[in-house]
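# Residue-level structural notes
As a plain string of letters, each chain reads:
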Amino acid sequence: MAHPLDADRLADHLQRAGNRLAPLYTVSGDEPLLVTEAVDALRAAGRNAGYTERLSMVMDARSDWSAVIAATQSVSLFGDRRILELKIPTGKPGKSGADTLARLAEQAEKQADNPDTLILVALPRLDKATRESRWMQALNRGGMTVDIASVERGRLPAWVGQRLARQNQRTDNATLQWMADKVEGNLLAAHQEIQKLGLLYPEGQLAAEDVERAVLNVARYDVFGLRDAMLAGDIARTIRMIDGLRAEGEALPLVLWAVGEEIRLLARVAEARSLGQDVNGLMRRLRIFGAHERLALQALGRVRPDVWPAAVQHAHEVDRLIKGLSVQGRLSDPWEEMTRLALRVAAAGTRP
């Protein structure tokens, strides 16, 4: 099985492949914009390779998967080759879907030299169990896998700069940072704002004031972004995320759930570590993996072990404040106390 391609390696692969594409491509990722762009690139390459018909189907566990097999076996009236796009937004095809995907992968493997149908499967980011499932392993064997990574906050300014460069525009680093703050967590909005700059201004250097005038405040303040900022020790971003959630009218119990549940989980991990227990195994059982795991380990290394139990108690007290109860030694405004709770983790290990 070949190693998965990322977005850059996919572009190189398509350039080298020319008319000799693989019979099957499986694209997965949790950024809809980047997954869509990868599928668009594959579709364009397919058209250039002579796949002139296109059939797109959105499927899930309740769908009639027999229609998919029928689509691959039906003969075009004009003998044209076709692209079959299967979009599975849930990432869960069900038993019938799993069997169908495995069968399609086997067919693709047998017809690798000159397939009549180019199959494109689009999936969200897959968890470990799904990646190791029989149908996903069959898709990996039957063709090429494209794994689209998310654009993490630290890479976002450079990503914006690269997108501006595609339309022959550029701006200074401070403005790129400013744009990243405004579109944080919403790549589709970032893409739209970059396109808008291409329409409003000529090629070349963009002035900071022109960018600020054009770009909307489209940041998607979400509770998981707050969790990540807190774990990363980014104090300014943690405060900004809480202020944004409050301004957007987000339910405070949901915000407390995201922060409080994370604190409770890491308190368990910190205790296990102090007792010499298997921390990696515990984190797997708690479903802490990938980028979340890296941030969690970063926080565990920064926050003293005795801070976690106190933070858990603090979360209980914020819950009481949300319910309208007073708590001695705590502020009466639960949002303000929510900020203090998040900063117990975000600011830990930093000098005043």
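Shown above is the structure to which this text applies.
Treat the numbers as computed from the prediction; the structure is a model and nothing was measured.

## Thoughts on the overall build of the protein chain
- Check the secondary structure of the protein chain and you find 17 helices and seven strands.
- When its C-alpha atoms are laid out on the principal axes, the protein chain stretches across 80 × 55 × 35 Å.
- By the burial criterion, 47% of the 352 residues in the protein chain qualify as buried.
- Counted over contacts in the protein chain with a minimum sequence separation of 6, partners at least 24 positions apart contribute 75%.
- When the accessible surface of the protein chain is summed, it comes to about 18400 Å², and 51% of that surface belongs to carbon and sulfur atoms.
- When the 47 basic and 46 acidic side-chain charges of the protein chain are each reduced to a single mean position, those positions are 3 Å apart.

## Focus: the pattern of salt bridges
- All chains considered together, the criterion is met by 27 salt bridges.
- Taking the shortest distance from any N to any O, the salt bridge between Asp-99 and Lys-95 comes out at 3.0 Å. In this pair, Asp-99 and Lys-95 both sit in helix H4 (residues 94-110), four residues apart, roughly one turn of the helix.
- Judged by relative accessible area, which is 66%, Lys-95 ranks as exposed.
- One connected set of salt bridges, linked through shared partners, spans Asp-40, Arg-43, Arg-54 and Glu-85.

## Some words on a nonpolar patch on the surface
- Together, Phe-224, Leu-254 and Trp-257 give the surface a local cluster of nonpolar side chains, amounting to about 300 Å² of exposed area.
- Within the secondary structure layout, Trp-257 lies in helix H13 (residues 252-274).
- Assessed through its relative accessible area of 43%, Trp-257 is described here as partly exposed.

## Some details on the packing of helix H3 (residues 66-73) against H4
- Between H3 and H4, the shortest axis-to-axis distance is 10 Å and the interhelical angle comes to 20°. Relative to H4, H3 is oriented roughly parallel. Considering how the two elements wind past one another, H3 and H4 form a crossing that is left-handed. Residue-level contacts link Val-68, Ile-69, Thr-72 and Gln-73 of H3 to Thr-100, Arg-103, Leu-104 and Gln-107 of H4.
- Grouping the constituent residues of the contact of H3 with H4 by class yields three nonpolar, four polar and one charged.

## Points about helix H12 (residues 235-247)
- Between its first and last C-alpha, H12 extends 18 Å over 13 residues, near the 18 Å set by a 1.5 Å rise per residue.
- Here H12 has its buried residues at Arg-237, Thr-238, Met-241, Ile-242, Gly-244 and Leu-245. Buried residues of H12 fall within an arc of 160° about the axis and therefore sit on the same side.
- The residue sitting at the N-terminus of H12 and contributing the capping side-chain oxygen is Asp-234; that oxygen lies 3.1 Å from the backbone nitrogen of Arg-237.

Definitions and cut-offs
Residues numbered from 1 in each chain as written. Predicted model: local features only at pLDDT ≥ 70, side-chain atom pairs only at ≥ 80, totals over all residues. Heavy atoms only, no water. Helix = DSSP H or I, 4+ residues; strand = E, 2+ residues; numbered from the N terminus. Buried < 20%, exposed > 50% of the residue type's maximum accessible area, 1.4 Å probe, protein only. Contact = heavy atoms within 4.5 Å. Areas by Shrake-Rupley, 256 points an atom, 1.4 Å probe, with all protein chains shown as cover. Lys, Arg positive; Asp, Glu negative; His and termini not counted. Charge placed at Lys NZ, Arg CZ, Asp CG, Glu CD. Salt bridge = Lys/Arg side-chain N within 4 Å of Asp/Glu carboxyl O. Patch = residues over 30% accessible without salt bridge, like charges linked within 9 Å, V, L, I, M, F, W, Y side chains within 5 Å. Axes fitted to C-alpha atoms, helices over the stretch in contact; angles between N-to-C directions. Parallel < 35°, antiparallel > 145°, perpendicular 65-115°, else oblique. Left-handed = near helix turned anticlockwise from the far one by under 90°. Nonpolar A, V, L, I, M, F, W, Y, C, P; charged D, E, K, R; others polar. Expected span 1.5 Å × (residues − 1). Arc of directions from axis to C-beta. Polar contact = N/O pair within 3.5 Å; in protein donor to acceptor, adjacent residues only side chain to side chain.

By themselves, these observations are geometric and do not establish any function.
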